[in-house]
Amino acid sequence: MLLQEQESRSRTNNISMANSRVSGMKYKSESLKGLGAKYGATLRRRYTKIYLMLKRRRNCPMCGSIRFKREAIGIWKCGKCNYKVAGGAYDL
Ligand SMILES: [Zn+2]
């Protein structure tokens, strides 16, 4: 009887461990392929987050066009109506 209890307990422990491993993999964020194996996983993940923010499609505050892009660090320009405005380095 005691042996059976121990067995069942160890089995549930194994299951919970497996579950936590699966959920851990589920939340792993993907990074860009361009950097390969260089610079370390944390830095690649940070770079991906900022890069995607920078390249995201955003609407021009003046005409609403999606051709609104960063011209230089902190300078954002609309390709359609030439509206230029100062903003952040990676996000307006
Ligand atoms: Zn515009």
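Everything below is about the structure shown above.
In what follows, the accompanying structure is described. (Residues numbered from 1 in each chain as written. Predicted model: local features only at pLDDT ≥ 70, side-chain atom pairs only at ≥ 80, totals over all residues.)

## Structural notes on unusual backbone geometry
Peptide bonds are, in most cases, trans, and in most cases residues other than glycine have a negative phi.
Then, number 1: Positive phi outside glycine occurs at Tyr 39, with the angle close to 75°.
Then, number 2: Tracing the sequence through the fold places Tyr 39 in the loop between helix H1 (2-26) and helix H2 (41-55).
Then, number 3: Phi is positive for Asn 82, which is not a glycine, with a value near 60°.
Then, number 4: Summarising the element assignment, Asn 82 is placed in the loop between strand S2 (75-78) and strand S3 (84-86).
Then, number 5: The exposure class assigned to Asn 82 is exposed, which follows from the 10 C-beta atoms found within 10 Å. (Helix = DSSP H or I, 4+ residues; strand = E, 2+ residues; numbered from the N terminus. Buried ≥ 20, exposed ≤ 12 C-beta atoms within 10 Å, placed from the backbone.)

## A look at the sheet that holds S2
Then, number 1: With respect to topology, 3 strands assemble into an open sheet ordered S1-S2-S3, the strand pairing being antiparallel. At either margin of the open sheet sits one strand with a lone partner, and together these are strand S1 (68-72) and S3. Strand-to-strand, the axes of this sheet are offset by a mean angle of 35°, without reference to chain direction. (Pairing = 2+ DSSP bridges. Axes fitted to C-alpha atoms, helices over the stretch in contact; angles between N-to-C directions.)

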